[in-house]
Amino acid sequence: TFLTERVMSTGSTFTEGMHVYVNNRAKNLRFLQRTFFDSIESEFESENYGKLVFRDFTKNYFLYHTAHDRGYLVVDMPASAVFSDFEWEDLEGFENKLSKRSRRHFRSEVLPFIADFDLMVTDHLSEKELFKGYQLYLQVKANNLSINNFEYGLGLFEAMNNSPLWQFLILKNKGDDEIQGIVFCYLNKTNNSFNPILIGMNEEHPQRLTLYRQLLFQTILYAKQNGFSKCYMGVSAAFEKKKLGAQIVYRQAYVRTKDNYSSDLLQTFE
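A brief report on the enclosed structure follows. (Residues numbered from 1 in each chain as written. Predicted model: local features only at pLDDT ≥ 70, side-chain atom pairs only at ≥ 80, totals over all residues. Heavy atoms only, no water.)

### Focus on the sheet that holds strand β2 (residues 51–57)
The sheet built from four strands is open, its strands ordered β1-β2-β11-β3 with mixed pairing. Whereas interior strands pair on both sides, the edge strands pair on one side only; in this sheet they are β1 (7–9) and β3 (73–76). Direction aside, neighbouring strands of the sheet carry axes that sit 30° apart on average. Across five bridges, the pairing between β2 and strand β11 (residues 252–257) is antiparallel. (Pairing = 2+ DSSP bridges. Helix = DSSP H or I, 4+ residues; strand = E, 2+ residues; numbered from the N terminus. Axes fitted to C-alpha atoms, helices over the stretch in contact; angles between N-to-C directions.)

### Comments concerning the pattern of salt bridges
Tallying each qualifying case throughout the model produces 16 salt bridges. Residue Lys224 pairs with Glu89 through a salt bridge whose shortest N-O separation is 4.0 Å. Taken together, the positions of Lys224 in helix α7 (residues 208–225) and Glu89 in the loop between β4 (80–83) and α3 (91–97) put the pair 135 residues apart, joining distant regions of the chain. For Lys224, a relative accessible area of 22% puts it in the partly exposed group. Classification of Glu89 as exposed rests on a relative accessible area of 69%. One salt bridge connects Arg107 with Glu95, and the closest N-O pair in it is separated by 2.6 Å. Of the two residues, Arg107 is situated in helix α4 (residues 100–110) and Glu95 in helix α3; the sequence distance between them amounts to 12 residues. Taking relative accessible area as the criterion, Arg107 reaches 43% and is therefore assigned partly exposed. (Salt bridge = Lys/Arg side-chain N within 4 Å of Asp/Glu carboxyl O. Buried < 20%, exposed > 50% of the residue type's maximum accessible area, 1.4 Å probe, protein only.)

### Side note on the sheet that holds strand β9 (residues 231–235)
Strand order in the open sheet formed by three strands is β9-β4-β10, and the pairing between neighbours is antiparallel. Lying at the two open borders of the sheet, with one neighbouring strand each, are β9 and β10 (247–249). Sheet twist, expressed as the average angle between the axes of neighbouring strands with direction ignored, equals 25°. Pairing between β4 and β10: three bridges, direction antiparallel. Looking at β10, one finds that Ser80 is bridged to Val249.

So, in structure tokens, the structure goes:
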């Protein structure tokens, strides 16, 4: 926990989207914005938090000037990816939606390997499957240095498994019963989206990158086949997601700190 601190933040470390709603058409908008920030900052100051973070704003969002005037730092968040073009009927139609360069990648890196894996999607994992999926998540977490956060506990995944709003997309080698990859997917019924939130993979798989690409593609294909209109595909590996037709989205966060010591010291390690 060296140089870590408690943070009061909108959303969580694996959610994305609009975590803050302020009606920008309100009659007394300036008063509303001031009251909004005052109430949250009062809670922030009264508790043992080191940072206050408002997340996932588009650039030049209407709260920007108010946040800036109140002393918030505006920081760029990691780019996320969203897939929303489901106007196709088959693999050929999907391929034709891609850019010329992405079509070349799809034909050489994804299409030839679809038959190498067996796919299963379920809304409930057995105890053995859940533990295996969690172990595969830990493998990915240990190797993904682009996202620097703490490991999620097994209890989180047990809660997912007990919720009707989560499904689990599983890939196995053809004809084998061992789970090689799993995607933990959240069903958002409000905006009809199927969202791969966390992923677990056998990091020692001889075709590791091929396995990862199949997990991404099969998630998109399953969303299409089941009538979803959007996939929020999370952060990191933006290049791989873009090759499959996802749109890269850039967001900002507004950050307020009580003490800059930890942040300043961390920069000396760069």
